[in-house]
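Architecture and fold: a report
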Amino acid sequence: RANSSIVIMSVRSKLGLIRRMPRIDLYGPRATERFDPQGERHWTKRYQFGGSEEWGERWGERQSFLPIGNHVRKMPFYLAIPSEPYNADWLHRRELVRISLLDLQRLVDLGRIDPSKPVDLTDIAATRLFPLKDRQYGYQLTDDAGLDNLTARFARLEVQHASEAAIAAIERSGGRIVCRFYDLSSIAAKSDPRAFFATGQPLPACKLPPVSAIDYYSSAESRGYLANPADIDRCRDELAQKYGYSLSTDSIKHEDQQWEKSPRQIFAGLQPGSVVSVADRLVYKPLSADVLAHYQRPV
């Protein structure tokens, strides 16, 4: 009898607990709410951020961390100066790693890159001195230092952005420079080709520049890769007259056709959609017409 009375009391207490609990629907239960068994109160977890319990109580109802860019009891930085023009499009800017002419000359002097061969994003990233982080679109050649000390003659230097003075310094020494756009998927493949080939993924087709960058990469003054070659030769002569130097007649001889890339290619000689096998040391090219049309369509 004693055991049965204990069981009855435990059952009654549990039934009473169930009666005092609120009705459950689709909008009622929340992960942050707890029910008080005594029926006295409902309470919510509180999180403190920077010693502010009131602010943390409000945000703690939904999540355990503040939104990105939110400062406790302070105006966020993107709202503090909303009228400044240089902060208008900061979310849509393409970040580039700055590399000066002096840095470029040092890479040549140390033997990190060979100027007699085409130098692009892969060669600069392989030095491990200018690594690319997430959401960075390549390199920007600046004239901050080394404008008068550049002596290397580049057969073909490919960067993503270059100033006018930097272009003049490259061409004054008898080299050639091209500014080319790569999207983020192409950047991931070019920054570390061996790691990308080991994944077994097909080579992506490089996207065309966004609308805001079409004019730059189509301009012969900026040596864009989408510009007309005849206009580029004319602009080279005009830039030489502007800065007072003569173009070298014995420029480096290199095979333009061998290293020529289409706007959709990211590696010279490798077609988009191809799979490079590091283990077999083979390149598997796509043969299906549908696959070829997929990688050749304009994007």
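Refer to the structure printed above.
Read on for a plain summary of the structure. These numbers were taken from a predicted model, which means no experiment stands behind them.

**Focus: the pattern of salt bridges**
Enumeration according to the criterion identifies nine salt bridges in this entry. The partner of Lys242 in a salt bridge is Glu164, with the nearest N and O atoms 2.7 Å apart. Of the two residues, Lys242 is situated in helix H10 (residues 229-243) and Glu164 in helix H6 (residues 164-172); the sequence distance between them amounts to 78 residues. Since its relative accessible area comes to 57%, Lys242 is described here as exposed. The closest approach of N and O atoms between Arg223 and Glu171, which form a salt bridge, is 2.7 Å. Highlighted residues: Arg223 in the loop between helix H9 (214-217) and H10 and Glu171 in helix H6, separated in sequence by 52 residues. Of the residues examined, Glu171 reaches a relative accessible area of 1% and is grouped as buried.

**Looking at the sheet that holds strand S6 (residues 161-162)**
Within the open sheet, the three strands sit side by side as S3-S4-S6. Their pairing is parallel. The strands lining the two open edges of the sheet, one partner per strand, are strand S3 (95-100) and S6. Judged from the five bridges that link them, S3 and strand S4 (residues 136-142) form a sheet pairing that is parallel. Across the sheet, Glu95 pairs through a bridge with Gln136, a residue of S4.

**A look at the layout of surface pockets**
Take a probe with the size of a water molecule and roll it over the atoms, and the empty space left behind shows itself. Space inside the largest pocket adds up to approximately 530 Å³. Lining the largest pocket are 22 residues, with Arg156, Val178, Pro229, Ile232 and Glu260 positioned closest to its centre. Those elements that provide at least two residues to the lining of the largest pocket are strand S7 (177-179) and H10. Among the elements that line the lining of the largest pocket, the one with the most residues is H10, at four residues.

**Some points on helix H4 (residues 101-109)**
Where H4 is concerned, the buried positions are Leu101, Leu104, Gln105, Leu107 and Val108. Around the axis of H4, the buried residues are gathered within 155 degrees of arc, so they sit on the same side. Contacts from the buried residues of H4 go to S3, S4, strand S5 (157-159) and H6. A positive phi of about 80 degrees marks Gly111, the residue just after H4.

The rules behind the values
Numbers given to residues run from 1 along each chain, matching the order in which its sequence is written. The model is predicted, so local features are restricted to residues of pLDDT at least 70 and side-chain atom pairs to those at 80 or more, both for listing and for counting; the totals for chains, interfaces and linings are taken over all residues. Hydrogens and water are ignored here; the side-chain numbers use all heavy atoms of the structure. Criterion for a salt bridge: a side-chain nitrogen of Lys or Arg within 4 Å of a carboxyl oxygen of Asp or Glu. Starting at the N terminus, helices and strands are each numbered in turn, a helix being any DSSP run of H or I of at least four residues and a strand any DSSP run of E of at least two. Accessible area is worked out with a 1.4 Å probe on protein chains only. A residue is then buried under 20% of its type maximum, exposed over 50%, and partly exposed in between. Here the rule is simple: two strands pair whenever DSSP picks up at least two bridges between them. For cavity detection a 1 Å grid was placed over the protein atoms alone, and a set of points counts as a cavity when a 1.4 Å probe fits there but cannot get out; an open set counts as a pocket when protein lies on both sides within 12 Å along at least five of seven lines, with lining residues being those that have an atom within 4 Å of a point. Grid points are joined across faces, edges and corners, and a volume is the space filled by probe spheres set on the points. Each C-beta atom gives one direction from the helix axis, and the arc is the one those directions make. The criterion used for residue contact is that any of the two residues' heavy atoms lie within 4.5 Å.

Scope: geometric values only; no functional claims are made or implied.
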